[in-house]
Amino acid sequence: ALDGVYLYADYATGRVWGLKYQDGKVFANGEVLGGRERTFIASFGEDEAGEMYVCTFDRMDGRSGRIMRVTGR
């Protein structure tokens, strides 16, 4: 469902949005994940199989964190 979607996030709230272009214009834009869990999103990545990952910090100071796979659930 996220094929071709540009993901971006708010570091402080953990909210994630998706932006999709069609014919050079924004076709869709909206929140895809609310900041339910207190996490600070630093980056996104993709592996060789096309799976998306999000790199997060557990605390705002960036001392500990996790890498989580993005799923459609």
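In this report, we go over the structure that sits alongside the text. (Residues numbered from 1 in each chain as written. Predicted model: local features only at pLDDT ≥ 70, side-chain atom pairs only at ≥ 80, totals over all residues. Heavy atoms only, no water.)

### Here we look at the sheet that holds strand β4 (residues 40-46)
Pairing in this open sheet of three strands is antiparallel, and the strands run β4-β5-β6 from one edge to the other. Of all the strands in the sheet, just β4 and β6 (65-69) have a single pairing partner and so form its edges. The average undirected angle you get between the axes of adjacent strands in this sheet is 20 degrees. Summarising the sheet, strand β5 (residues 52-57) and β6 pair through five bridges and their orientation is antiparallel. The residue bridging Phe57 from the neighbouring strand is Gly65, located in β6. (Pairing = 2+ DSSP bridges. Helix = DSSP H or I, 4+ residues; strand = E, 2+ residues; numbered from the N terminus. Axes fitted to C-alpha atoms, helices over the stretch in contact; angles between N-to-C directions.)

### Description of the pattern of salt bridges
For the structure on display, the rule yields three salt bridges. The salt bridge partner of Arg15 is Glu31, with a shortest N-O separation of 2.9 Å. Here the residue Arg15 occupies a position in the loop between β1 (6-9) and β2 (16-22), and Glu31 occupies one in strand β3 (residues 25-33), the gap between them amounting to 16 residues. According to the relative accessible area criterion, Arg15 is partly exposed, its value standing at 32%. Put simply, Asp58 and Arg66 hold a salt bridge, and the shortest N to O gap is 3.1 Å. We classify Asp58 as partly exposed; its relative accessible area is 31%. (Salt bridge = Lys/Arg side-chain N within 4 Å of Asp/Glu carboxyl O. Buried < 20%, exposed > 50% of the residue type's maximum accessible area, 1.4 Å probe, protein only.)

### Looking at the packing of aromatic side chains
By the definition in use, this model includes four aromatic pairs. Measuring from centroid to centroid gives 5.7 Å for Tyr8 and Trp17, while their planes differ by 20 degrees, and the two rings are stacked. Between Tyr11 and Phe57 the ring centres are 6.5 Å apart and the planes differ by 65 degrees, which places this aromatic pair in the edge-to-face class. You can see Tyr11 sitting in the loop between β1 and β2 and its partner Phe57 sitting in strand β5, a full 46 residues away along the chain. Look at Phe57 and you get partly exposed, because its relative accessible area is 26%. Every member of this aromatic cluster is reached through a ring pair, and the members are Tyr6, Tyr8 and Trp17. (Phe/Tyr/Trp six-rings, centres within 6.5 Å; stacked < 30°, edge-to-face > 60°.)

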